[in-house]
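Residues per chain, in single letters:
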Amino acid sequence: MTDIKKIIKELSIEEKAVLCAGRKDWHFRGLPKYGLAELMACDGPHGLRKQDDDAVNPRASSLASTCFPTASALASSWNTDLMYRIGTILADECRAERVSVLLGPGVNIKRSPLCGRNFEYFSEDPLLSGELASALINGVQDAGVGCSLKHFTANNQESLRMTIDALIDERTLREIYLPAFETAVKKSSPWTIMCSYNRINGEYVSESRRLLTDILRTDWGWDGVLITDWGACNNRTEGLAAGQDIEMPDSGPENAAKIAEAVRTGSLPEEVLDRTVTRILNLLDKAAPIDSPKPVSLENHHLLAREAAAESIVLLKNENSVLPLTADDRIAVIGEFAVNPRYQGAGSSRVNPTALDIFLDEIRKHYPEAVYAAGYRLGSDSIQTSLIVEAVSAVENADKIIILTGLPDEHESEGFDRPDLKLPESHNRLIEALISTGKQLVICLSNGAPVQMPWNEGVHAVLECYLGGQAGAGALSDVLTGAICPSGKLAETFPLRLEDNPSSAWFPGGPRQVEYREGIYVGYRYYETAGVPVLYPFGHGLSYTSFVYSELRLSQKEIDVRGSSSDEELLNLSFDIENTGKCTGKEICQLYVGGPGKVVHRPDRELRGFIKLEIAPGERQKANLSLSLRSFSHWDSGSERWAVEPGKYRIMIGASANDIRLEADLSILSDYSSSSAKGSDYQRIGEDPGLIHRISDDCFEAAYGRELPANFPKKNIDRTTTLTEFSSTLTGKLLLKFALKNAEKQSHGNENSAGMYQAMVRDMPLRAVAGLSDRKISFEMVDALIDMGRGRLLRGLSRLIKAVTRRA
């Protein structure tokens, strides 16, 4: 056992400070003289993306590894056991490559369906996100590899993500944006957590003692290592004091020198540095690299990826039971995705797969005579009339047309947000043309987030496949043919229109801040409370069989919660569910709770539990769930604690948020009273949807006052100025041009990557130019450029020459 305390005593201040930054892109520094080797961390979370940070171009490619479905797909499985199994496989592949920490999963809430990185996050609901993340983390860490839960917190957009200030009232933060992290911390204790780029209420998350220490460590009891997102460190010493442990990646020697100087001058207590180094050394000791890794079975891993993809597919519509396909069906396959699949998202999570199923090949194993036509051309949004005509001609002798459509790579990615919910017009026109044939149409969607479906009424079946990983095409074939009964359910709402989304008026905000004025009414919490119609509701998903729910039983009908603790189990409940169809299927039963709404405004219903059961035809099973005090609580900002309003609560069991099958009432006695409620009866919300917006507006302005922080482009140039803002100066214009050209090189001719890199460069603050340059550009050089941008040309040029000379 390593004597950490002894090592701390023997290390110099400088040696300790150096440990507080990574080595190059992917390593946490070690202490070889004490037998503590450096550790490698690699991107996840749906596969290992290992790159060599000592290579000439480490970002050019990665080794092959199993590409599982992305988080948006896996969330639709609602299957924690499956998540655990995937975690163990991810860990096996990490260990085989001597990778000690997998950078994932991400549990940021899907505030808006437009967030470009939504494919990498689980849900709009914090409970579902937290439970799935916990299972994945436990699977990885039980197998001896650490996880990095990310991005803590409120990283809910890609636009201006490195500088945006998210204005969120405390109740909304506590009830919506923190609980998924809290659940994962308490149930799986991730070895590391990655803090986000953004500010919250004027303070960078990487420098927020309240978030990083008071909440994360003191309130939740977490004792792991806090790392920054790549380039998220703003002020190194303030970050360290707040609870930030490791700056990633290595930004050069300046920050280590600043830490040492701060300790020597007394502005940073040495015990703060010692606590940080203690946590780092504990991680190095726990996550020692594997000396003799065992070989892995990539074939078996591919089979699990196929199983996971199949369980994640959501059958949204199945008119007249057009699915599953029958042996006698004559099939036509339309859409270039059938031969060139979209199976994962773009950005830091992009995996180099070990294999790749092609849908046309997979479906022809069952229907060798299936005809194919492209219908549209990937890489171009323009309508290809000739391809549409060819597709219409190709389906002439078919009974059923399987159309593969969705969002191409360039439409959603890390680095930028989508402008709308539309599919490419070339895809929509193709579907409309095929509707006119009068054939039975089956739509199979490949996308990372909700889309509009203007053709929904004219097609017979819709399958939401999300981004299904390397085996997604095989899984789709399994579901279409009936080899697997679909069991996925949506982990997010599909709105009819973008303007129906409660955040749409405020997303993505900018240029300096974004207002979370919708408050706690995110996703289905808004739609169900306000009675706003949606295309497909949260929790929705059909099956090839049918289920009947019955006999909801509560362990008690009245509970006195006075003196109870928040984690205490208060209520046990059970109900029966029967498979009344002809095939074995899995059903996801969802438990919602609705509060009294007398003195505290709250959503009509909130997910508080779920269970997935496999049931044979004619079989009847008993489902058991439980609720804790927290399940009935809201955050009371006045007393800064979780509180329970007394009154009658509704216990609801549903097949979706919009399909409640069983209900029961529960009376709760508590001593809570809200001094701010003024006797309001918020039960009127359902009668007046506009009241929700007025209530959340009032809450927002009560938190911030009528005078909001200034929201305009930065005039005073400093390290937090973005390259786009800096380009208003001649120096900035030249720097941006250089950076964009460099981004083009990083993309290696890939147009999809080029769009991502260019968007990231434009939103990048000047400090990140140094932090992400692999030591090629120092902070001293950046400060010299800032001088030049401020009009101090000669002084800046002189500083730049000296800085370049020193760095050389």
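Residues numbered from 1 in each chain as written. Predicted model: local features only at pLDDT ≥ 70, side-chain atom pairs only at ≥ 80, totals over all residues. Heavy atoms only, no water.

## Observations regarding the environment of Asn 397
Okay, step 1: Note that Asn 397 resides in the loop between helix H14 (385-394) and strand E16 (400-406).
Okay, step 2: The class of Asn 397 is exposed, set by a relative accessible area of 58%.
Okay, step 3: Distance from Asn 397 to Ser 631, taken between C-alpha atoms, is 55 Å for residues 234 residues apart in sequence. (Helix = DSSP H or I, 4+ residues; strand = E, 2+ residues; numbered from the N terminus. Buried < 20%, exposed > 50% of the residue type's maximum accessible area, 1.4 Å probe, protein only.)

## Focus on the environment of Phe 181
Okay, step 1: One can find Phe 181 in helix H7 (residues 179-188).
Okay, step 2: Ignoring sequence-local partners within four residues, the contact set of Phe 181 consists of Val 107, Asn 108, Leu 149, Lys 150, His 151, Phe 152, Thr 153 and Trp 220. (Contact = heavy atoms within 4.5 Å.)

## Let's talk about the side chain of Glu 247
Okay, step 1: Mapped onto the fold, Glu 247 is located in the loop between helix H9 (236-242) and helix H10 (254-265).
Okay, step 2: One buried charge, Glu 247, has no salt-bridge partner; the nearest side chain with opposite charge is Arg 236, at 4.0 Å.
Okay, step 3: Each residue touching Glu 247, except ones within four places of it in the same chain, is listed here: Cys 20, Ala 21, Gly 22, Thr 228, Cys 233, Arg 236 and Asn 255. (Lys, Arg positive; Asp, Glu negative; His and termini not counted. Salt bridge = Lys/Arg side-chain N within 4 Å of Asp/Glu carboxyl O.)

## Here's the deal with the pattern of salt bridges
Okay, step 1: Under the criterion given, the structure shown has 65 salt bridges.
Okay, step 2: Arg 342 is the partner of Asp 409 in a salt bridge, and the nearest nitrogen-oxygen pair spans 2.8 Å. On the criterion of sequence distance, the pair formed by Asp 409 in the loop between E16 and helix H15 (425-435) and Arg 342 in the loop between strand E13 (331-334) and strand E14 (352-353) is long-range, its members being 67 residues apart. Each member of the pair, Asp 409 as well as Arg 342, carries the same accessibility label: buried.
Okay, step 3: Residues joined by salt bridges that share partners form a network here, namely Arg 117, Glu 120, Lys 150, Glu 158, Arg 161 and Glu 414.

## Quick word on the sheet that holds strand E26 (residues 606-615)
Okay, step 1: Here five strands make up an open sheet; going across it, the order is E23-E31-E30-E25-E26 and the pairing mixed. At either margin of the open sheet sits one strand with a lone partner, and together these are strand E23 (558-560) and E26. Each adjacent strand pair in this sheet contributes to an overall mean axis angle of 25 degrees, direction not counted.
Okay, step 2: Of the pairings in the sheet, the one linking E23 to strand E31 (residues 659-669) comprises three bridges and is parallel in character. Bridging across to E31, Asp 560 finds its partner in Leu 669. (Pairing = 2+ DSSP bridges. Axes fitted to C-alpha atoms, helices over the stretch in contact; angles between N-to-C directions.)

## Some remarks on the layout of surface pockets
Okay, step 1: Reported here for the second largest pocket is a volume of approximately 1,100 Å³.
Okay, step 2: The wall of the second largest pocket is formed by 35 residues, among which Leu 127, Glu 131, Thr 183, Lys 187 and Arg 608 lie closest to the centre.
Okay, step 3: Of all the elements in the fold, those that place two or more residues in the lining of the second largest pocket are helix H4 (80-96), helix H5 (126-142), H7, strand E25 (585-594), E26 and strand E27 (620-628).
Okay, step 4: Of the residues forming the lining of the second largest pocket, the biggest block, eight residues, is contributed by E26.
Okay, step 5: In terms of residue class, the lining of the second largest pocket is built from eleven nonpolar, eight polar and 16 charged. (1 Å grid on protein atoms, 1.4 Å probe; cavity = no way out; pocket = protein on both sides within 12 Å on 5 of 7 lines; lining within 4 Å. Points joined across faces, edges and corners; volume = space filled by probe spheres on them. Nonpolar A, V, L, I, M, F, W, Y, C, P; charged D, E, K, R; others polar.)

## As for the sheet that holds strand E20 (residues 513-515)
Strand pairing within a sheet occurs via backbone hydrogen bonds; the two strands may be parallel or antiparallel.
Okay, step 1: Sheet architecture is open: four strands sit in the order E10-E9-E7-E20, paired in mixed fashion. Every interior strand has two partners, whereas the edge strands, strand E10 (203-204) and E20, have only one.
Okay, step 2: For strand E9 (residues 199-200) and E10, the ladder comprises two bridges, and the chain directions are antiparallel. Bridging from a neighbouring strand, Arg 199 pairs with Tyr 204 of E10.

## A closer look at the packing of aromatic side chains
Okay, step 1: Applying the stated criterion to the full structure yields 13 aromatic pairs.
Okay, step 2: Ring centres 6.1 Å apart and planes at 75 degrees place the aromatic pair Phe 152 and Trp 220 in the edge-to-face group. With a gap of 68 residues between them, Phe 152 in strand E6 (residues 146-152) and Trp 220 in the loop between helix H8 (209-219) and strand E11 (225-228) connect regions that are remote in the sequence.
Okay, step 3: On the accessibility criterion, Phe 152 (0% relative accessible area) is buried.
Okay, step 4: Overall, Trp 220 belongs to the buried group, its relative accessible area being 9%.
Okay, step 5: Put simply, the rings of Trp 78, Tyr 524, Phe 538, Tyr 592 and Phe 610 touch in pairs and so form one group of aromatic residues.
Okay, step 6: Cation over ring: Arg 174 sits above Trp 635, and NZ or CZ is 4.2 Å from the ring centre. (Phe/Tyr/Trp six-rings, centres within 6.5 Å; stacked < 30°, edge-to-face > 60°. Lys NZ or Arg CZ within 6 Å of the ring centre and 35° of its normal.)

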